[in-house]
Structures are given as C-alpha cells and as structure tokens.
Amino acid sequence: MAIVAMKDVTVQYGKNVVIEGLSLEVEKGENLAIVGPSSCGKTTLMRALCGFIKIAHGEISITDTIVSSPAKRIMVAPENRRIGVVFQDYAVWPHLTVIENIIYPLKKRKVNKVEAKERAYAALAQVKMSDFADRLPSQLSGGQQQRVALARALVSSAELIVLDEPITNLDATLREEMAYEIRNLQKTIGVTVIYITHDQETAMTISDRMVIMDKVGKIRQLGTPEEIWTHPTDRDVYTFLGVSNFLPLVRDREQIRLVSKTEPQTIGNTFFDIPKSFGSNLLLASRPMDIRLSPLTETDVGVVRGVVQRVTYLGNQFDYIVDIGGHEIRVQEDSLEAFRRGVPEEGSVRAVEFLSPSLYEADAHDSRFVI
Amino acid sequence: MKYFLTHMFQRKSSMGDRRFGLDQGLFILSLVILIVTVLFPILMIVIRTFFKGTQLDWRLFTQVVLAPENLSAIINTVRIAFMVTVFGTLLGLFYAWLIGRSDIPLKGVMKALFTIPYMFPPFFGAMAWSLMLAPRSGYVNKLFMQITGGTSPLLNINTIGGIVFVETCYYFPFVFLQVVSALERMDPTLEESARIAGAGQWYVIRKITLPLVLPAIAAGAMLILISSLSHFGVPAILGFSNNIFTLPTKIYQLINRSAGSFQGIREGASLSILLVVVVVAALYLQRLVLKTGHYDIIKGKSMRPMLIKLRGAKIPMLSISLVSLFVIVVVPLFMIFIVGFLKAYGLPLKLENLTMRNYQYILGQSKMVQDSIVNSLFLSVSSGIITMFLGVMIAYVVIKVKPKGKGFLEILSLLPYSIPGIVLAIGVILVWSGAFGVNLYNTIWIILIAYIARYVSFAMKSASASLEQVHYSLEEAARSCGATHLESLRDITLPLIRPGMVAGFFLIFLPAMRELTTSVLLYGPFTRTLGVAIYAINSEGNTVQASALATVAIGIIVAGNLALRFITKERKGL
C-alpha cells in the first residue's frame, strides 16, 4: 500500500519551474532514498510534501487522503499532515532543552502530560541521548543535535519521516554510524522513511529503493540499490553513481569498432546483444574496478590494446590511466592482485578487458542499457 | 486588534491554508499602519501646501519661500549645517586617527567619553554652554569681565558660531565611530607595504589610509549634515534671543505664533517641504559620494594595525585630546548638575549658595513637571512597546513572508529616518486634528502617534537584525510538529528574538525619553513631555529649576543606558 502518492506534481517559483510532472509512490514501511545532484529539486519536493510550499499542478496524497491538489482547491496545512521532518540544519530549537524539544510535538497533538513525557524519554533512549535530556542544544555537538532532531521527528509521527540531507554535515565516521542507526530504527519501528540526499553511497547503504533525480527535477530511475548499480538506465545515471569510463563505439554491420584516433581496433561482439533499435553510434561504459589489464601475448588477436600512461599507488589499490586509441580511461586494481600479476610499467602496452560493461546508444539520453 | 484582524483573514481563506492567510493579514496590517502613521502625514503636508481646497495653488509656497525672514532662515540652516559638518568631520577624524592608529595611552577612557554625547540631547549642551557663555550672565564671561574690568564678554554663545560649536560637540562622534570602525577593519598590510616600498608616514596617511576610509568619512559626515539640518533644540535655545532662526526653529515659531490657526500651519507646512527638499538633496549628495568610493579591501575581520609612535608628541597630544574631551563632554554636564543646586542663577558657585529647594519644587510642588515626567514615562514606554512590536511585524513580513509589495513596505518604514522630526509633527497635526474626523490635538495620543512614526525605523532595523538570525526551518519544524502558524510564531520565533526585542525597546525608550523636537509642536496644556518641560522652564528664565530637571532626566537616561548595556551583555552570553 502506498503511504505517499504523488501524481503529476509540478512546482514552480514564479515562472521558474523546479519540478515538472513528477509522479512517485512510496510504499508503507519502506526506506526510500531520493538522490540527485544539489539544487535538483529534492528539497523542493520535500517541502511540497510537507506543505511548506504550494504545488502548481498535480496531486499529493498521504495514506489515501489528498493533502495538496490545486485542482480540488485542497491545501492541508503542514501541522495537519503528520509528517516527522528532520531538517538539513537540524532545526533544533535553541531556546528549549533537549527534552522540551522532543515533547513539543506531543504537546501540540494534545497528548496528556504523563504519557507525553514517557514517550519523549523513550524516543530519546532510541537515539541514545537519554543522558542529555536537560541540556540546551548549544551544549551539544552536531551529531547529537542530529539525534535530537531525529527523536523529535519520531515522536511527531510514527508513520512517515522525511529526512532532508540529514547527515551531510557530519564527519565520515559519524555519518556511517548515523546511517546505520537510521536504518536500524526504521527496521525496528517500521516507520516509513523518505531520505533525501545527494550522496549516492549513503543512499545505497540505507535504502530499500532509490529514486535518481536529474538536474531539472525529473525522475531518471527508480529501483533497488542493486538494480540501479548494475543497470543504470542511462549515461547520466551511470556517471552520477561513481567514477565512470566511456568509450565511443561504432557498429559496422557485424563488427563493433572503437572510434579511434590512432590505429583502428575492433571489439569482439560476442557478449553484446545489441537491440535492433539502436543506431550505429554506441558508448561502452565501465567502472575503473571492472577493467582488467594483462600482458599482451602473441596469440592475442582482436583484443583491445591500451598504453599505460600513469601508475599511481594508493595503498590499498593502484590507479592507472590508460590510453586506448586516444581515449583516456581510469583503471583501478586491488594492490594484492596487482603485485601478484605484476604492476604494469608506464608506457607499456597492455591488453584491456572489460568485465561487465554497459552499452548505451550515443547521442540519446533515454537510450536503454543492454549487456 | 491585531489578533482580531489576523483571525478575520484566516477565516476568509477557504482552502484552509492558514499560513498564507496569516501572512497576508500581517502584510496588510503593516501596510495600513505605515500608510496611516507615516505616509498620510507626509502627503497631507504636500496637499495643504499646494492645494487650497481642491484648487492647485502655488502662491503660498512661493510666497513663504521668498519671504526675506524665511530666506535668511534657509541660509542660516545651510550655513550652520555646513560648518558643523566640516568641523565635526575634522574633529572626528582627528580623534579617530589618534585612537585607531597612534600609540596614545588611555584609549579606553577616551572611547567611553565619546559615547556620552550620544546619550544626551544636544539641547542640554546648549543650556550648559549658555550657563557659561551667555553674553552678560554666563559664568565664564562674568569671570572674564571681572578680570579685565571691561564690559565686553569673552565669547557670545548666542551666535551662529555658538550654535555651530555646540552642535559640533554633539555630532562629531558620528564621524569618529564610523572611521574608527573602518580603521579597525582595514587590512594593516596595505599601509605596511607602502612603508616597505619607501613611503613616508605622512605620505601613507595621505595616499593610502585616507582614501581607504573615505567612504566611512562620507557616511559619517552625511549623518552630521542631515542631523544638523533638521536639528531644533540648540538653535532654539541659543538663537531665539538673538533673532537667529533656522528652518526648524522658524517652523516652530510660525506654528507657535499662529496659536494653531490654519494659516500658520499651512505656512509651517510650506517651510517643511523646503526643509525636506534640503535634506533629500543632502541624501542624494551622499549617494553620489558613496557611489564613487567603494572598497572591498576593508574586511569584516579585525586585525592588529601598525601603530604610529607619537614619541615626543605623545604628552602634548594626550593633554590636548583629554582637555578638549573634558571641555566638550564633562564640563557641560557638570554645569547643569551644579546649577541645579544653586539658590538663584548668577550667584557665585560656592557651597553656601547651594540648596535642595529646586528639586523640592520641581519634584514636589510643580504639577507641570510631575505631569511631564509621568507623560514622558508613559509615552516612552508605550511607544517603545508598540513600535517595537510594529517593527517586529514589519520586519517579519519583509524578511520571512516576502510578499510582492515588500519593497514599498520597507521604504515606508525607513522613510521617517530621513524626515525631520519637526516636519513629521506638522504632518501629524494635519492628519489628526479633525481632518479625517478624529481630533487628537492637545491629547497625549497625538504625541504617541508621532513617536511611533518617528521611531518605527529604529524598531524595524533592530528587529530585522535579530529576525535574520532565525532560520526559516526552525519555524517549519514547529509546523510539522503540529503547531499552527500562529503557534509557531508564539512558541518559536518570538522567544528567539526576545533579547533583540528588549534591546530594541530601549533603543526607542531612551531617545523618546529626551525627545523635544516633535513634542514641542504637539504638546497641550496637560501633555508636556520632559523635554518640553525643561525647554519651557528654561525659556521662562527659571534656569536653576531647568537645570535641576535636566539633572533628573540625565539620571533616568543613565539608568536606561545601564539597563541596555546589561541586557546586551546578557544576550552575548546566551
């Protein structure tokens, strides 16, 4: 059952359209990450959902109740939407103590005092902040304020929590710890979490499903982290997910040639099943860790050859820059593996093997991926 | 009233999106209040000057402007303001350089002394200097005549020179404070690299330091110019007896002489327009000057500047500045204080001539004085509270709601800043003495309205500063926790800006407590304010009682300032 349903939502500030015709359903109890580059409209989407801004077109409903619909002249006030929100800057009220911060939503929901206190302390225990109940926010670190904000959101709504870039301001270790805790809390309490971030790595570690948004506020891909990582829908999503290499290819009847500035090279087409609809210009996409370099042997015919331009030792891995027919690609190799197989020298020619490449149609943004 | 109106707007919005209703309500309410208190008076001045009934009529204006006595008032005003600006700027620059760039000792003491002229109204200074340098009766002049045996006084304070001197004493801190803060924020390496390149000390001051602080000097000088142009107290006390008039005192005289007759008020309004034109011209000049000199080299960070060693000049410089500060700041206050205890004005300043009788009279017997203290306290407190809330509301609309007419609202709220107090008073008379069916003339409410219009700019600026610190997510967090818009304002925003609001209250309370310019045109038989009472007693010739009452006012102002300092300190500790 969908707890949040957005249908054809458009948001605009004046004439500036931030989100256009976006549709999205959030399942009850899931952790959905909305990921996209900064200023892509993620936060705008959150603010529209929470009722802080009006939508220009479309419809938003929460648990089957329409909360925003300009056509039906419905605009439920933020206080009546029952969404717990954790803001990017925490928004812990500096003039109230930690426990007063957490009791506030219960006070507004007219929960009786004894029960409110009990529930607030319980939430505080959930985020491991019981010892700080009577502190003022100015006496807490960023990570601790974050927890207070999370506890307040949990108390505010046991159904739906929206977190807006909640852990970007924390340092790396705290971020990891916090991400794990959010995941854990969500599993134990069963609350639905919408997690907004520009950091695709954290999103992958904590979410059940991910939504990838692009710069103009459109959804590019929706799916589980595995689906998205292994099958990025297009070149942009592929690039967004991590360091990527793209090699231009040309299909010439049965042969696939590398577009090359030096000597022509062909790529064996055995593992490609190219759809008929694709044009003749293609792109081969691969991650640095999924490329293997090996010494050339006499018998190698038809393998792709590259010149190792630069070798950098990074401790746990080696980083190579390899020139293939005038295109520079990045290759990474596990250090142990590299030592075992022999570290290539700068300037040497190697056979280049792509382990699980993706193939995209060039010049078309919505081209489907194939393997 | 406020809540009733906002409630009404909530009801009106059918969609239940109360946020938009409340915000709209606040916007319209702010707009209406500002239009009524600020815009109406100004418009009424223009209308009454240029229209007779519904007929356009330029004659009154040209007739008033071209009257020889008014022409001489215009010339005096500009002359005085020009000289005060020149001398005040030079004096301010001198002290600013000494404190900001030289190794002169006792900087802390001097800086503290500079804040004193800020606290007290210039007309206290005029009274004090008149006690010393009035041509026949001033103590210093009498001493001089005793010594020389002649009949000609040493100096006559009742001249244009005297007015310029007293105003300069009170307005030079404008330039001083601006320049000192610019010097403190300036990157000292700019000067040091010039020295390293082989430039001499004097050359560096002329070619590097001075050009860099020029915008600060210009800003301070313009503040002096505008303040002096619209200043009433000093020329009123020092100039009337010698028939020296400036535009503000001429306006006062016109209204006062006509005893509230319509023709008199119309003539006053015409002169007011002239005064506004002069002030606006000055403001325009300021924009021109400031536009040409904008440097980003002055940073917000404070750095330790290279101090210039005064060496042999140290002791002479120190004595010059300490003595001059002492004369400018301490002596006048002391004179007022001591004369307040004299049995009669003119008696030698000896112990046996001192008495408490003046205080007994003004605080115990004079109904007028008691009324004035009560009135001023009531007016300062109520205008402080009302204006502060009004300022918060306007600042909230401008900063948080950002409606379409936000720029207009902002301009309206900052307009009184550049409108001379005496002009505002005339506008308030024109609006609130029956023209729109409400006659508040001679009541305390007309003064309250004028104070609100006069101080709304202060309140708005101070509230804006604290509201900008409150991030919008704090309010939205409350909304998503189930608070209505009104509740989020009450529970979150208002408590967060409360320290700023208290400080803002005092920033209105203190000047309102000593206000003279506006109230002197608006007071009725029972609605004198403290400033008006002191002024009136002084012009009746009861110098000792006026001094005693001024001492009481000084006491209240000092107490208020201490409270303000205490509160702002608390706030920093939070």
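Overview of the structure.

Rules behind the numbers
- Position labels on residues start from 1 in each chain and follow its written sequence.
- The naming scheme follows written order: chains are lettered A onward, ligands numbered 1 onward.
- Local features in this predicted model are restricted to residues of pLDDT 70 or higher, and side-chain atom pairs are both shown and tallied only at a pLDDT of 80 or more, whereas totals for entire chains, interfaces and linings draw on every residue.
- Only hydrogens and water are set aside; all other atoms, that is, all heavy atoms of the structure, feed into the side-chain values.
- Here a strand is any run of E in DSSP of at least two residues, a helix any run of H or I of at least four, and the numbering for each starts at the N terminus.
- Think of it in three bands: with a 1.4 Å probe and only protein chains considered, a residue is buried below 20% of the maximum accessible area for its type, exposed above 50%, and partly exposed in between.
- Residue contacts follow a heavy-atom distance rule, with two residues in contact if any of their heavy atoms lie within 4.5 Å.
- Working definition of accessibility: Shrake-Rupley area with a 1.4 Å probe, residue cover restricted to the visible protein chains.
- Charge counting follows a simple rule: Lys and Arg are positive, Asp and Glu are negative, and His as well as the terminal groups are ignored.
- Note that the charge is assigned to NZ on lysines, CZ on arginines, CG on aspartates and CD on glutamates.
- Only strands that DSSP links by at least two bridges are regarded as paired with each other.
- Any residue with relative accessible area above 30% and no salt bridge may belong to a patch, with like charges joined within 9 Å and the nonpolar Val, Leu, Ile, Met, Phe, Trp and Tyr side chains within 5 Å.
- By salt bridge we mean one thing: a side-chain nitrogen of Lys or Arg within 4 Å of a carboxyl oxygen of Asp or Glu.
- Note: buried area is the sum, over both parts, of the accessible area (probe 1.4 Å) each one loses when the two are combined.
- Any pair of N or O atoms that falls within 3.5 Å is considered a polar contact. Within protein, one atom must be able to donate a hydrogen and the other to accept it, and sequence-neighbouring residues count only if both atoms are side-chain atoms.
- Gly is placed with the polar residues, together with every amino acid not listed as nonpolar (Ala, Val, Leu, Ile, Met, Phe, Trp, Tyr, Cys and Pro) or charged (Asp, Glu, Lys and Arg).
- Helix axes are fitted only over the stretch in contact, all axes being lines through C-alpha atoms; the angle between N-to-C directions runs from 0 to 180 degrees.
- We call a set of buried residues a nonpolar core when its members are Ala, Val, Leu, Ile, Met, Phe, Trp, Tyr or Cys and they connect through side-chain atoms within 4.5 Å of each other.
- Here the angle decides the label: under 35 degrees means roughly parallel, over 145 means roughly antiparallel, 65 to 115 means roughly perpendicular, and every other value means oblique.
- Definitions for this section: a left-handed crossing has its near helix turned counterclockwise from the far helix by less than a right angle. A right-handed crossing has that turn clockwise.
- Stacked, tilted and edge-to-face pairs are distinguished by plane angle, under 30 degrees for stacked and over 60 for edge-to-face with tilted covering the rest, among Phe, Tyr and Trp rings (Trp via its six-membered ring) whose centres lie within 6.5 Å.

### Quick word on the overall build of chain A
Stage number 1. If you tally the helices and strands in chain A, you get nine helices and 21 strands.
Stage number 2. Projected onto its principal axes, the C-alpha positions of chain A cover 85 × 50 × 35 Å.
Stage number 3. Put simply, chain A has 371 residues, and 53% of those count as buried.
Stage number 4. Taking as baseline every contact in chain A between residues at least 6 positions apart, the subset at least 24 positions apart corresponds to 65%.
Stage number 5. As presented, chain A carries roughly 17500 Å² of accessible surface, and 50% of it is formed by carbon and sulfur atoms.

### A word on the overall build of chain B
Stage number 1. On a plain count of helices and strands, chain B comes out with 24 helices and two strands.
Stage number 2. Across its three principal directions, the C-alpha atoms of chain B cover 90 × 70 × 50 Å.
Stage number 3. The 574 residues of chain B split such that 55% are buried.
Stage number 4. Sequence-distant contacts in chain B: of pairs separated by 6 or more residues, those separated by 24 or more amount to 77%.
Stage number 5. Carbon and sulfur atoms make up 66% of the accessible area of chain B, which amounts to about 25500 Å² in all.
Stage number 6. Averaged over its 48 positive side-chain charges, chain B has a centre that lies 4 Å from the centre of its 23 negative ones.

### What to know about the sheet that holds strand E1 (residues 2-13) of chain A
All names here are of chain A.
Stage number 1. The strand order E2-E1-E4-E5-E6 describes an open sheet built from five strands, whose pairing is antiparallel. At either end of the open sheet lies a strand with only one pairing partner, and these are strand E2 (16-27) and strand E6 (74-75).
Stage number 2. Pairing of strand E5 (residues 65-69) with E6, which is carried by two bridges, proceeds in the antiparallel orientation. Among the inter-strand pairings, Ser68 is bridged to a residue of E6, identified as Met75.

### Regarding a nonpolar patch on the surface
All names here are of chain B.
Stage number 1. Judged by side-chain polarity, Leu43, Ile47, Phe51, Leu56 and Trp58 come together as a nonpolar surface patch covering roughly 470 Å² of accessible area.
Stage number 2. Looking at the element boundaries, Phe51 is found in strand E1 (residues 51-52).
Stage number 3. With relative accessibility at 31%, the residue Phe51 sits in the partly exposed group.

### Some remarks on the interface of chain A and chain B
Stage number 1. Opposite the 23 residues of chain A that make contact, chain B presents 25 residues.
Stage number 2. Contact between chain A and chain B buries roughly 2300 Å² in total, counting both sides, with carbon and sulfur atoms accounting for 59%.
Stage number 3. For the salt bridge of Glu487 of chain B with Lys108 of chain A, the shortest nitrogen-to-oxygen distance reads 3.5 Å.
Stage number 4. For the pair chain A and chain B, the interface holds 10 residue pairs in polar contact (both at pLDDT 80 or more).
Stage number 5. Mapped onto the side of chain A that touches chain B, the elements with two or more residues apiece are helix H2 (98-108) and helix H4 (142-156) of chain A.
Stage number 6. If you tally residues by element for the side of chain A that touches chain B, the top one is H2 of chain A, at three residues.
Stage number 7. When grouped by side-chain class, the residues that make up the side of chain A that touches chain B number 13 nonpolar, two polar and eight charged.

### With respect to the side chain of Thr44 of chain A
Stage number 1. Assignment of secondary structure puts Thr44 of chain A in helix H1 (residues 42-50).
Stage number 2. When sequence neighbours within four positions are dropped, the list of residues in contact with Thr44 of chain A reads Val11, Tyr13, Val18, Ile19 and Ile53 of chain A.

### Observations regarding the sheet that holds strand E7 (residues 84-86) of chain A
All names here are of chain A.
Stage number 1. In spatial order, the strands read E7-E8-E9-E3-E10-E11; together these six strands make up an open sheet with mixed pairing. Both outer strands of the open sheet, E7 and strand E11 (219-223), are each paired with one neighbouring strand and no more. For this sheet, the mean inter-axis angle between neighbouring strands, taken without regard to orientation, is 15°.
Stage number 2. Bridge count for strand E10 (residues 209-213) against E11 is four bridges, and the pairing is antiparallel. Bridge assignment links Met210 to a residue of E11, and that residue is Gly223.
Stage number 3. Of the strands in this sheet, E7 and strand E8 (160-164) are in contact with H4, which crosses E7 at around 170°.

### Examining the pattern of salt bridges
Stage number 1. Within the structure shown, the criterion is met by 26 salt bridges over all chains.
Stage number 2. Across the pair Asp103 of chain B and Lys314 of chain B runs a salt bridge whose closest N-O atoms are separated by 3.7 Å. Residue Asp103 of chain B is located in the loop between helix H4 (68-101) and helix H5 (107-119), and its partner Lys314 of chain B is located in helix H14 (residues 314-339); the two are separated by 211 residues in the primary sequence.
Stage number 3. Taking the shortest distance from any N to any O, the salt bridge between Asp491 of chain B and Arg490 of chain B comes out at 3.0 Å.
Stage number 4. Taken together, the shared-partner salt bridges connect Lys108 of chain A together with Glu487, Arg490 and Asp491 of chain B into one network.

### Overview of the nonpolar core
In globular proteins that are soluble, nonpolar side chains generally tend to be buried together.
Stage number 1. In this structure, Ile34, Leu49, Trp93 and Ile194 of chain A together with Met335, Ile534 and Leu549 of chain B are the most contacted members of the largest nonpolar core, which totals 210 residues.
Stage number 2. Among all residues touching Ile34 of chain A, those that are not within four sequence positions of it are Leu24, Lys42, Leu45, Ile194, Tyr195, Ile196, Thr197, Val211 and Met213 of chain A.
Stage number 3. Among the nonpolar cores identified, the runner-up in size contains 42 residues, and Ala116, Ala123, Ala149 and Val193 of chain A belong to it.

### A closer look at the environment of Asn243 of chain B
Stage number 1. Looking at where Asn243 of chain B falls in the secondary structure, it is placed in the loop between helix H11 (233-239) and helix H12 (247-257).
Stage number 2. Sequence-wise, Asn243 of chain B and Ser258 of chain B are 15 residues apart; in three dimensions their C-alpha atoms are separated by 18 Å.

### As for the pairing of E10 of chain A
All names here are of chain A.
Stage number 1. Of all five residues in E10, five are buried, a share of seventy percent or more.
Stage number 2. Relative to E10, strand E3 (residues 31-35) is paired through four bridges, and the arrangement is parallel. Note on E10: the bridge partner recorded for Val35 is Ile212.

### Quick word on the pairing of E5 of chain A
Residues and elements named next belong to chain A.
Stage number 1. As defined by bridge partners, strand E4 (residues 57-62) adjoins E5 across three bridges and the pair is classed as antiparallel. Looking at the pairing, Ile62 lines up with Thr65 of E5.
Stage number 2. The loop that links E4 with its antiparallel partner E5 comprises two residues; one of these, Thr63, has a positive phi angle of about 40°.
Stage number 3. In this structure, the hairpin formed by E5 and E6 is closed by a connection of four residues, where Arg73 is found at a positive phi of approximately 55°.

### Some details on the environment of Ser38 of chain A
All names here are of chain A.
Stage number 1. Mapped onto the elements, Ser38 comes out in the loop between E3 and H1.
Stage number 2. With a relative accessible area of 55%, Ser38 lands in the exposed category.
Stage number 3. Placed 176 residues apart in sequence, Ser38 and Asp214 show a C-alpha to C-alpha distance of 9.5 Å.

### Things to note about the environment of Leu154 of chain A
Residue and element names in this part refer to chain A.
Stage number 1. Secondary-structure assignment places Leu154 in helix H4.
Stage number 2. Residue class for Leu154 comes out buried when judged on its relative accessible area of 11%.
Stage number 3. Residues Leu154 and Ser244, spaced 90 residues apart in sequence, show a C-alpha to C-alpha distance of 38 Å.

### Brief notes about unusual backbone geometry
Residue and element names in this part refer to chain A.
Stage number 1. Even without being a glycine, Arg82 presents a positive backbone phi close to 55°.
Stage number 2. On the secondary structure map, Arg82 appears in the loop between E6 and E7.
Stage number 3. Unusually for a residue other than glycine, Ala91 sits at a positive phi of about 55°.
Stage number 4. By the secondary structure assignment, Ala91 is in the loop between E7 and H2.

### Describing the packing of helix H8 (residues 160-185) of chain B against helix H10 (residues 201-229) of chain B
All names here are of chain B.
Stage number 1. Between H8 and H10, whose axes approach to 8 Å, the crossing angle comes to 150°. Put simply, H8 runs roughly antiparallel to H10. In terms of crossing hand, the pair formed by H8 and H10 is right-handed. Taking contact as the criterion, the partners of Glu167, Tyr171, Phe172, Phe174, Val175, Gln178, Val179, Ala182 and Leu183 in H8 are, on H10, Thr209, Val213, Ala216, Ile217, Ala219, Gly220, Ala221, Leu223, Ile224, Ser227 and Ser228.

### Some points on the packing of aromatic side chains
The description of two aromatic rings rests on the distance between their centres and on the angle between their planes.
Residues and elements named next belong to chain B.
Stage number 1. Taken as a whole, this structure holds 33 aromatic pairs over all chains when the rule is applied.
Stage number 2. Ring centres of Phe378 and Trp445 lie 5.8 Å apart, and the angle between their planes is 85°; on these two criteria the pair is classed as edge-to-face. One end of the pair, Phe378, is in helix H16 (residues 367-401); the other, Trp445, is in helix H19 (residues 444-467), and 67 residues separate them in sequence.
Stage number 3. Classification of Phe378 as partly exposed rests on a relative accessible area of 35%.
Stage number 4. Between Phe505 and Phe506 the ring centres are 5.4 Å apart and the planes differ by 80°, which places this aromatic pair in the edge-to-face class.
Stage number 5. Overall, Phe506 belongs to the buried group, its relative accessible area being 13%.

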